[in-house]
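# A closer look at the structure
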Amino acid sequence: MKLNRREVLGFGAAAVVVATLPASIGPAIAAGETADDAIKAFTGGAAMGEGAVKLTTPEIAENGNTVPVSVKVDSPMTADDHVQEVMIVASGNPNPGVATFKFSTMSGEASASTRIRLAKTQDIVAVAKMSDGSFQMAKNTVKVTIGGCGG
Amino acid sequence: MAKAKPRVKVPKKASAGDIITIKTLISHKMESGQRKDKKTGELIPRKIINNFKAEFNGQTVFETAIQPAVSSNPYIQFKVKMMESGEFKFTWTDDDGSVYTTSKKIAVN
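Residues numbered from 1 in each chain as written. Chains lettered and ligands numbered in written order. Predicted model: local features only at pLDDT ≥ 70, side-chain atom pairs only at ≥ 80, totals over all residues. Heavy atoms only, no water.

## Topic: the interface of chain B and chain A
Rule in force here: For this analysis, residues touch if any pair of their heavy atoms sits within 4.5 Å. Two parts placed together each lose some accessible area under a 1.4 Å probe, and adding up what both lose gives the buried area. Criterion for a salt bridge: a side-chain nitrogen of Lys or Arg within 4 Å of a carboxyl oxygen of Asp or Glu. Counting of polar contacts relies on pairs of N or O atoms within 3.5 Å, with two restrictions inside protein: one atom must be capable of donating a hydrogen and the other of accepting it, and residues adjacent in sequence are counted only when both atoms are side-chain atoms. In this description a helix means any DSSP run of H or I spanning at least four residues, a strand means any run of E spanning at least two, and both kinds are numbered starting from the N terminus.
Contact residues are listed per partner, giving 34 residues for chain B and 34 residues for chain A. Interface area, chain B with chain A, both sides summed: about 2900 Å², of which 55% is carbon and sulfur. Where chain B touches chain A, the interface holds one salt bridge. Measuring nitrogen to oxygen at the nearest pair gives 3.7 Å for the salt bridge that ties Glu109(A) to Lys79(B). At the boundary of chain B and chain A, one finds 15 residue pairs in polar contact (both at pLDDT 80 or more). Counting residues per element, the ones that place at least two in the side of chain B that touches chain A are strand E3 (19-26), strand E4 (49-56), strand E5 (59-66) and strand E6 (75-81) of chain B. Broken down by element, the side of chain B that touches chain A gets its largest block of residues, eight residues, from E5(B).

## So, the packing of aromatic side chains
Aromatic ring pairs are described here by two measures, namely the spacing of the ring centres and the angle between the planes. Where we set the bar: Working definition: rings of Phe, Tyr and Trp (its six-membered ring) pair if their centres are within 6.5 Å, and the pair is stacked with planes under 30 degrees apart, edge-to-face with planes over 60 apart, and tilted otherwise. For a Lys NZ or an Arg CZ to count as sitting over a ring, it must be within 6 Å of the ring centre and within 35 degrees of the ring normal.
Counted under the stated rule, the structure contains 10 aromatic pairs over all chains. Ring geometry for Phe52(B) versus Phe78(B): centroids 5.9 Å apart, planes at 55 degrees, classification tilted. One end of the pair, Phe52(B), is in strand E4; the other, Phe78(B), is in strand E6, and 26 residues separate them in sequence. Here the aromatic cluster, defined as three or more aromatic residues joined through ring pairs, consists of Phe101(A), Phe103(A), Phe52(B), Phe56(B), Phe62(B), Phe78(B), Phe88(B), Phe90(B) and Trp92(B). Taking the ring centre of Tyr75(B) as reference, the NZ or CZ of Arg115(A) above it sits at 4.3 Å.

## Brief notes about the confidence of the model for chain A
This is how the line gets drawn: The pLDDT value tells you how sure the predictor is about a given residue, anywhere from 0 up to 100.
Of the residues in chain A, 76% have a pLDDT of 70 or more, and the chain-wide mean is 83. A low-confidence stretch, residues 15-31 of chain A (pLDDT under 50), is modelled with 15 contacts involving residues beyond four sequence positions or located in other chains.

## Description of the pairing of E3(B)
All names here are of chain B. Just so we agree on the cut-off: Strand pairing is assigned whenever DSSP identifies at least 2 bridges connecting the two strands.
Bridge analysis of strand E1 (residues 6-9) against E3 gives four bridges, and the strand direction is antiparallel. Each bridged residue has a counterpart across the sheet, and for Pro-6 the counterpart in E3 is Ile-26. Sheet topology places E3 next to E6; seven bridges connect them, and they run antiparallel. Directly across from Thr-24, in E6, lies its bridge partner Ile-76.

## Some points on the nonpolar core
Note that soluble globular proteins tend to have their nonpolar side chains buried in a common cluster. For clarity, the threshold we go by: Joining through side-chain atoms within 4.5 Å is the link that ties buried Ala, Val, Leu, Ile, Met, Phe, Trp, Tyr and Cys residues into a set, and such a set is a nonpolar core. Each residue's exposure class comes from its accessible area (1.4 Å probe, protein chains only) as a fraction of the maximum for that residue type: buried when under 20%, exposed when over 50%, partly exposed otherwise.
Ranked by internal contacts, the top residues of the largest apolar core, which has 57 residues, are Phe62(B), Phe88(B) and Phe90(B). The residues touching Phe90(B), leaving out its near neighbours within four places in the chain, are Val8(B), Val10(B), Ile22(B), Thr24(B), Phe52(B), Lys53(B), Ala54(B), Phe78(B), Tyr100(B), Thr101(B), Thr102(B) and Lys104(B). Core analysis: the next-biggest nonpolar cluster, separate from the first, contains nine residues, Ile39(A), Phe42(A), Val89(A) and Val127(A) among them.

## Digging into the sheet that holds E6(B)
Definition in use: Between N-to-C directions, angles span 0 to 180 degrees; the directions come from axes that are lines fitted to C-alpha atoms, helices contributing only their stretch in contact.
Reading across the sheet, the six strands line up as E2(A)-E4(A)-E7(A)-E6(B)-E3(B)-E1(B) and stay open at both edges, with antiparallel pairing between neighbours. Each edge of the sheet is formed by a strand with only one pairing partner; in this case those strands are strand E2 (53-56) of chain A together with E1 of chain B. Strand-to-strand twist in this sheet, taken as the mean axis angle between neighbours without regard to direction, amounts to 15 degrees. Examined bridge by bridge, E2(A) and strand E4 (residues 67-73) of chain A share four bridges and lie antiparallel to one another. Following the sheet pairing, Leu55(A) is matched in E4(A) by Val71(A).

## Points about the environment of Val99(B)
Residue and element names in this part refer to chain B. Along the chain, Val-99 turns up in strand E8 (residues 99-108). Each C-alpha atom, one on Val-99 and one on Ile-49, is 9.1 Å from the other, the two residues being 50 residues apart in sequence. When neighbours within four sequence positions are excluded, Val-99 is seen to be in contact with Thr-91, Trp-92 and Thr-93.

Set out below in C-alpha cells:
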C-alpha cells in the first residue's frame, strides 16, 4: 500500500479524534444489539401492557433522514401515578436505540415529539415506564422510501 | 465547524395550572458514526448531542437521552405544567463535552 503525504496526515487526524472521544456515552445500547435486547434492558423482561401509549408516526416517510415521531401516554402525572420514562426504539436501524424521554411530575402531560432517522421500512416501538413499575408499549410501522443512514 | 445554536420557543406568560408546550431546536450535524468519508473510506467518528435537559427554577422537569438515530438539528417538543413564574434553563450536551445552554423566563399569574 502506497501512502502519500496527504493520506498520512488524514489518518493521523482521524486517529487523534477517535482517541479523544470518551469511552462510553449515554445509556449503553451497544452496536449490534437488537431492538428486543434494548427493550429487555429497559423493562427487565417485565410484561408490557398496551393501550395507554399513543405513538404517532407517518405511515410513509419519503425521507428517512427526518421522520417526525410523537408519543403521548395517558396518565394523570401526579406524584403517585406518573410516567417516568419513555424509550423509543427503531427495530430496523443499525443501532436500535433512538431516544429516551424522562418526564417529571411537573410535566403535566406525558407527551413529547422529536425527529428521527430511519434506515429502512421498519417498526417503531415506544415503551413507557410508569411510576408503579409497570410498562406500556405501542408499535407502529413506518414505510421509508429513502433511508437516512448515509448509505 | 459552525457553532451549535440553540433555539427555544416558550410562551411569555401563562395562567397557573396551564400545560404549556415548549419547542426546542439546536443546530447540530449529529454525525451518526455510521457514515463513511467518501475520500478515505474511513468511518466518520460519531459526534452528536447526547443529552438534553430542561430545568425550571433549578428543578429538572424534562430530560432526553439522545442516540445517533435522532435527526440532525435535533428538535424536541414537550410539555410542562406551570404553577409559578420563573426561568427555564435548557442544556444540551455534546459528545465532545461541550455544553450549550439557553434560558427563557415565563410569567405565571
